[in-house]
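Secondary and tertiary structure notes
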There are 2 protein chains.
Amino acid sequence: MVMALVETQTWSDEGMWLFNEPPRKLLKEKYDFEPDAAWLEHLQQASVRFNSGGSGSFVSEDGLIISNHHVGADALQKFSDQEHNYMRDGFYARSRSEEKKCLDLELNVLMGIEDVTGRVNAAVKEGLSAEAAFAARRAVMAEIEKESLAATGLRSDVVTLHQGGSYHLYRFKKYTDVRLVFAPEQQIAFYGGDPDNFEYPRFDLDICLFRAYENGEPAKVKHHLKWSQKGVSENELVFVSGHPGRTSRQFTVAELEYQRDVRMPYALQWLHRQEVLLNVFSGRSTEHARRARELYFGVQNSRKAREGMLAGLLDPQLFARKQAAEKRLRDIVAGNPDLRDCQNAWDQIQEAQKIIGAQAREFNLLEGGQGFSCTLFSIARTLVRSVEERTKPGGERLREFRESNLASLEMELFSEEPLYENLEQARLEDALTWLAQQLGYAHPVAQKALQGRSPRARASDLVRTTQVKEVAFRKKVYELSLAELKQCTDPMIQLALAVDAEARALRKVVETQDEVKKQAYSRIAKARFTADKGSIYPDATFTLRLAFGTVKGYEENGREVPFQTTLAGLYERAAEHQQQPPFNLPQRWIDGKPKLNLATPFNFVSTADIIGGNSGSPVVNRQGEFVGIIFDGNIQSLVLDFLYTDVQARAVSVNCQPIIEALRKIYEAGPLADELLGARQ
Amino acid sequence: MVMALVETQTWSDEGMWLFNEPPRKLLKEKYDFEPDAAWLEHLQQASVRFNSGGSGSFVSEDGLIISNHHVGADALQKFSDQEHNYMRDGFYARSRSEEKKCLDLELNVLMGIEDVTGRVNAAVKEGLSAEAAFAARRAVMAEIEKESLAATGLRSDVVTLHQGGSYHLYRFKKYTDVRLVFAPEQQIAFYGGDPDNFEYPRFDLDICLFRAYENGEPAKVKHHLKWSQKGVSENELVFVSGHPGRTSRQFTVAELEYQRDVRMPYALQWLHRQEVLLNVFSGRSTEHARRARELYFGVQNSRKAREGMLAGLLDPQLFARKQAAEKRLRDIVAGNPDLRDCQNAWDQIQEAQKIIGAQAREFNLLEGGQGFSCTLFSIARTLVRSVEERTKPGGERLREFRESNLASLEMELFSEEPLYENLEQARLEDALTWLAQQLGYAHPVAQKALQGRSPRARASDLVRTTQVKEVAFRKKVYELSLAELKQCTDPMIQLALAVDAEARALRKVVETQDEVKKQAYSRIAKARFTADKGSIYPDATFTLRLAFGTVKGYEENGREVPFQTTLAGLYERAAEHQQQPPFNLPQRWIDGKPKLNLATPFNFVSTADIIGGNSGSPVVNRQGEFVGIIFDGNIQSLVLDFLYTDVQARAVSVNCQPIIEALRKIYEAGPLADELLGARQ
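**Observations concerning the overall build of chain A**
Counting secondary structure elements, chain A contains 27 helices and 21 strands. Relative to the compact-globule value of 26 Å for 681 residues, chain A shows a C-alpha radius of gyration of 25 Å, a close match. For chain A, the spread of C-alpha atoms along the three principal axes comes to 65 × 65 × 50 Å. For chain A, the residues scored as buried account for 51% of the 681 residues in total. Long-range pairs, those at least 24 residues apart, make up 77% of the contacts in chain A between residues at least 6 apart in sequence.

**Brief notes about the sheet that holds strand S14 (residues 545-550) of chain B**
All names here are of chain B. Ordered by their spatial adjacency, eight strands build an open sheet running S1-S14-S13-S19-S20-S21-S18-S17, and the pairing between neighbours is antiparallel. The two strands at the open ends of the sheet, each matched to only one other strand, are strand S1 (17-18) and strand S17 (564-566). Judged from the six bridges that link them, strand S13 (residues 237-242) and S14 form a sheet pairing that is antiparallel. Directly across from Phe239, in S14, lies its bridge partner Phe548.

**Considering helix H24 (residues 567-576) of chain A**
Residues and elements named next belong to chain A. Among all positions in H24, only Leu567, Leu570 and Ala574 are buried. Down the axis of H24, the buried set is contained in an arc of 45°. They therefore lie on one face. Exposed residues lying more than 90 degrees from the buried face of H24 are Ala575 and Glu576. Where H24 is buried, its residues meet strand S17 (564-566), strand S18 (601-606) and helix H26 (656-665).

**Concerning the interface of chain B and chain A**
Taken residue by residue, the interface counts 36 residues in chain B and 36 residues in chain A. Among the elements of the structure, helix H9 (193-196), helix H10 (253-283), helix H11 (286-313), helix H17 (421-439) and helix H19 (455-465) of chain B are those that each provide at least two residues to the side of chain B that touches chain A. Considering each element in turn, the side of chain B that touches chain A owes the most residues, eleven residues, to H10(B). Split by residue class, the side of chain B that touches chain A holds twelve nonpolar, 14 polar and ten charged.

**Considerations on the domain arrangement of chain A**
Interfaces are often described in size by the accessible area the parts lose on coming together. All names here are of chain A. Domain parsing of chain A yields domain 1 (9-106 + 176-249 + 538-676) and domain 2 (253-507). Here domain 1 and domain 2 have C-alpha centroids that lie 29 Å from each other. If one sorts the elements of the side of domain 1 that touches domain 2 by residue count, helix H4 (residues 69-78) sits on top with five residues. The residue inventory of the side of domain 1 that touches domain 2, partitioned by class, reads nine nonpolar, ten polar and seven charged.

**With respect to the pairing of strand S10 (residues 177-183) of chain B**
All names here are of chain B. Most of S10 sits out of view: six of its seven residues are buried. Bridging between strand S5 (residues 91-92) and S10 involves two bridges; their strand directions are antiparallel. Bridged to Tyr92 within S10 is Phe182. Sheet topology places strand S6 (residues 100-101) next to S10; two bridges connect them, and they run antiparallel. In the strand pairing of S10, Lys100 is matched with Leu180. As paired elements, S10 and strand S11 (residues 208-214) share five bridges and run antiparallel to each other.

**Observations regarding the packing of helix H4 (residues 69-78) of chain B against H11(B)**
All names here are of chain B. Here H4 crosses H11 at 155°, and the two axes come no closer than 9 Å. One finds that H4 runs roughly antiparallel with respect to H11. Classified by chirality, the crossing of H11 by H4 is left-handed. Across from His70, Ala73, Asp74 and Gln77 in H4, the residues of H11 making contact are Arg293, Glu294 and Phe297. For the contact of H4 with H11, a count of residues per class yields two nonpolar, two polar and three charged.

**Considerations on the relation of the copies chain B and chain A**
Overlaying chain B with chain A gives an RMSD of 0.0 Å, the required rotation being 180° about an axis along which the chain moves by 0.0 Å. Taken together, these values place the two copies in the relation of a two-fold axis. Taking C-alpha positions as the reference, the residue of chain B nearest the rotation axis is B:His272, at 2.8 Å. Counting the interface residues of chain B, we find that 100% of their copies in chain A are interface residues as well, pointing to one common contact surface.

**So, the packing of helix H15 (residues 375-389) of chain A against helix H22 (residues 491-498) of chain A**
All names here are of chain A. Running from N to C, H15 and H22 point in directions that differ by 65°, and their axes come no closer than 8 Å. Handedness of the H15/H22 crossing: right-handed. Side by side, H15 and H22 meet where Leu376, Phe377, Ala380, Arg381, Leu383 and Val384 of the first sit next to Met492, Ile493, Leu495, Ala496 and Leu497 of the second. Residue composition of the contact of H15 with H22, grouped by class: ten nonpolar, no polar and one charged.

**Overview of the sheet that holds S18(A)**
All names here are of chain A. Across the sheet, which stays open at both edges, the eight strands sit in the order S1-S14-S13-S19-S20-S21-S18-S17 with antiparallel pairing between neighbours. The open sheet has two edge strands with one neighbour each: strand S1 (17-18) and S17. Packing of H26 onto the sheet brings it into contact with S18, strand S20 (626-633) and strand S21 (651-655), and relative to S21 it is tilted by some 40°.

**Let's talk about the confidence of the model for chain A**
All names here are of chain A. Within chain A, residue pLDDT values average 95, and 98% of them lie at 70 or more. Note on residues 1-10: pLDDT is under 50 here. Beyond four places in sequence and across chains, it has 15 contacts. Per the prediction output, this complex has pTM 0.94; the corresponding ipTM is 0.93.

**Brief notes about helix H3 (residues 37-46) of chain B**
All of the buried residues along H3(B) are B:Leu43, B:Gln45 and B:Ala46. Its buried side turned inward, H3(B) meets strand S2 (47-50), strand S3 (54-58), strand S7 (107-115), S13 and strand S19 (618-620) of chain B.

**What about the pairing of S2(B)?**
Residues and elements named next belong to chain B. Burial along S2 is two-sided: Ser47 and Arg49 and Val48 and Phe50, pointing in opposite directions, are all buried. Of the pairings in the sheet, the one linking S2 to S7 comprises two bridges and is antiparallel in character. Opposite Phe50, over in S7, you have Leu107 as the bridge partner.

**Here we look at unusual backbone geometry**
Of note, the amide linkage connecting A:Pro581 to A:Pro582 takes the cis form, showing an omega dihedral of 0°. The residue A:Pro582 is located in the loop between H24 and helix H25 (587-592) in this model. Cis geometry marks the peptide bond from B:Tyr200 to B:Pro201, where omega comes out at 0°. For B:Pro201, the location among the structural elements is in the loop between H9 and S11. Although it is not a glycine, A:Glu668 adopts a positive phi angle of roughly 45°. Note that A:Glu668 resides in the loop between H26 and helix H27 (670-676). For B:Asn557, which is not glycine, the phi torsion reads 45° and is therefore positive. Note that B:Asn557 resides in the loop between strand S15 (554-556) and strand S16 (559-561).

Conventions and cut-offs
- Residues numbered from 1 in each chain as written.
- Chains lettered and ligands numbered in written order.
- Predicted model: local features only at pLDDT ≥ 70, side-chain atom pairs only at ≥ 80, totals over all residues.
- Helix = DSSP H or I, 4+ residues; strand = E, 2+ residues; numbered from the N terminus.
- Rg over C-alpha atoms; globule rule 2.2 N^0.38 Å.
- Buried ≥ 20, exposed ≤ 12 C-beta atoms within 10 Å, placed from the backbone.
- Contact = placed C-beta atoms within 7 Å.
- Pairing = 2+ DSSP bridges.
- Arc of directions from axis to C-beta.
- Nonpolar A, V, L, I, M, F, W, Y, C, P; charged D, E, K, R; others polar.
- Domains from an automatic or database assignment.
- Axes fitted to C-alpha atoms, helices over the stretch in contact; angles between N-to-C directions.
- Parallel < 35°, antiparallel > 145°, perpendicular 65-115°, else oblique.
- Left-handed = near helix turned anticlockwise from the far one by under 90°.
- Least-squares fit on C-alpha atoms with pLDDT ≥ 70 in both.
- pLDDT = per-residue confidence, 0-100.

Next up, the structure:
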């Protein structure tokens, strides 16, 4: 692999670009394509962010939204019960009245972007201590957001880009009445299960259809994507518009080493533990399995993703590329007097990271909540902090309690999401055991949490007796004064109160050091702007980005992996595995086989630059037509977290064509297929 | 729970007693039972140790041996292949000629015990350094064993009892031609899978029948157990004769704290990781699952056992009992001038443990082999060390290479056990990743192991190219001189050579500090002999012990758990779970239901004091008749690792009756049932 070439060449399909700074030059030079403002605006406003974590798009004028099944799974899980297992059995609303309202799903559509870097930086005076700078920055961001919300009525978030190199104000239209229209069986949406996750070739119908409502009526949506009749062809240029969650591409080499040697191993340790816990819990009965389903899937998915990232960090060839790129930039800095103030940025980041690293374990346990990991504790903590934060001015609050975010926070806090005592108890017992293990049983915080009991006995008591289970109780506690809260006898509230001072202290250290890093990174960003003449994109921030790429296969172990699979391939794979889980087919698909056109393309790969959070992103062609939907990356794509490569790394999508084929022939959902094809338009 | 009472009272069914020091007084006082020498000798010589880890007993004069299915699983796994899945399908030899020879199974029968404490201690002169004392002790033990082997032809092991308080020479008759006669489907042997493992009530036919051969003929066995026709009744006195593997009952409180806060969490971290690895590997296909089956079961079993032990250590009430017992003993020591030399024993143990703890991580990785964990590396290391150790006198060799052990070692080393490249590669990749994580990627040993490659690439190369896979190659390497070995170009041999110096250095530190602990523990043992007037038993050492107990149920969450289950209960449980795995029944059991007497007792519990290694132990009544076979302990029994309790802790057995019922009616194995019932005698 040629190092310097990959880092400086301009011909790769790299980048998660801002919609207000699209890669015009790249697209023009490599593909002779020039997106105009209307093209960009249409795609931007047809794109939808799922606040539960994921992406989607409008695909009809009546507010129909397509996303992945695994993005919708959170909603599906929350309104399933022992009698209605929508995850297993799927769902189809044959009429508008059957569409099922999601309990706590908020969707965001990006309406506009405003650069507020100047105002943010002006508020953070030169020479402030890191702590004061952090407070000043938090205050000005909360102020900008509050003003914008008041002025526009739109959800307003100041987004930190380039690790602090710039600040943009994003305004979102919010949808909070979102209804489920269609979901296939999880067995076909996630065909091949964990073994096939992050792999290719794939055979998955990983889709879910929702409808946005406003004032009790389907939302009328001007910007929705036209459904392509022809899908994709090999070597075609495609675009992905979605919300990549987080990347580490600007990390210094020292930070990557920390990721490789400390952070990632620790995260995997926790994930392995959670995976065993949830696998064991699920083994007890089909109802246990149903209750833990989505959580278990999430843990497995994170584990596999992180294993792949770690494998990349442990690959000396890939790591050498990062070292070479850093050296190149540092050499440029050293040779350019205008960049003198960037010189010590790398060392400052390493110093700050050392301080963060020294207490990372306690931070994860107490502020990260691993030591109390269960939904009931999260609720209790949010309640406790809400009461306390409300006593402060907006700009001084912990960021998630800023005024402009309260509506979203309350929606989640007062969700009627079902909670299962046996699952909560298993999780909390495990978490308290982990806490005692990590801190040592005799540690004062472990003792405070356990109150002289065993983790098992303490978890049982807490889960059995807390009233936090009741939404009405939560609303009551939410309204308490701080003095009243401290008198509250609920044991989970008391636990959250008891460990809050330690948790906040740890958070403060991290936030302060993050400020130090932010300032140093913003200087490195300045150097990069100079070195790369402005053609750079920021690390992912779970905000809307435009990626592009070519539809094409790759070579693996001397074998060509074709760019697409077909429905016929699905049936072949099931037969190869004698229909054993996770390679079995839902009964509908077994019965429906004769009706299907088996030559229909199913899944395809492209070189587009994506990462977790892009799940459900629409894939569109030059005409802006919907040709597919992102649902995965292959195993080689997991290194995209820290660098782009197109040798084998691929984004994996469902083609638009099998969606129509399955809706008509497997699910008898012709009217829905008609709506997607615009028959009602 | 009354602390002092439990530790000093003589009425509980506590103890894993030596056959040459049985609990005569206890049995007489509580049960009015006095075993005579013939009763003890018969039971001792009818008991069988499985060197693969487990217990069993002779049950016919023609050398028929009964053990657990999960003890036999190692042998079953080794002669299964893609076409013959004996684990899944079971096995029954309808004639002697169909009995299948196990690849590398060695059985031991204890023929005699000799106290050699005097000779061992005489060889370890007062005032020697710990390192010299360790060497002297190792040398005298190897000498005693070598002499005994030469004199008697019997396998001879000096067993360290009471953590070094005494030394007994055990002489075993060895059987190395052992053939499989019968195994049920794993699905009924391990009914309920991981969820039901270490739980009660249970419904498992966890048995396996082997036959010992001598000179190509079935062994003629004088001491074999008579099969009871009546099984057990509630409140009956029963005995368990088997090989408990390891307990920690004499550990000081400081050592228990180390177990709780360091050792056990670390072990669980490794096990969680292994469990996820093997679960993921198994998910890829039914053949993958078959290959990893026994390993996966072993990991799950260890994980659940250790979780249970840790839960016990994290229970302040149980821990307080250990603290109180230690305080009592230390008070006695303080008040008795004859015990003056015991006073500093506790501190010495803690000091030694600190040194061990400080390098435990590297020890586990390098000498414990976690950093290279796969069968091919184990073979390579054994080869490398065999060559080197052979250049030394017997008494100076690493203990496993002493002359008296070579035959057993070679049997394992040259086993034709099938090895699967994909499983080896998955394990080694994971192990090398773990090594890099735990040491840091840049650590010299990690670099030496990885040779500048990624763990994935390095593991793939090693597994693909090593010839250690071939038994013929192993035999060739085994015969090399040390100089020739160092020229060997096989990459796995080279890896084993490359890390051997570091591994041996770590082992030396541990062995030296273990010697310090051993000397201190032997002084504590002296104090305990004084305090408890000789009525004590040593911690478990995977040698033959006699336990006893009462057949009885217990109370759990306010509910009575009856002492036994029935075959009817099995079918009820399967129905409750809609036959979903792991609660599904094998087809034979579904078809055979009408033929069975469903009132037949199935599993039962007793208060006998057991631990891992007791699996397969015969349960006998006062008459010495076989009434059942140990296969598990309930979840509450897992604390027996560090203290005995009979409040809820129970040993779980298969009753003898359903074995006959199933052989006759489900497996059409009437002749085998007849042989068990002595029809041929």
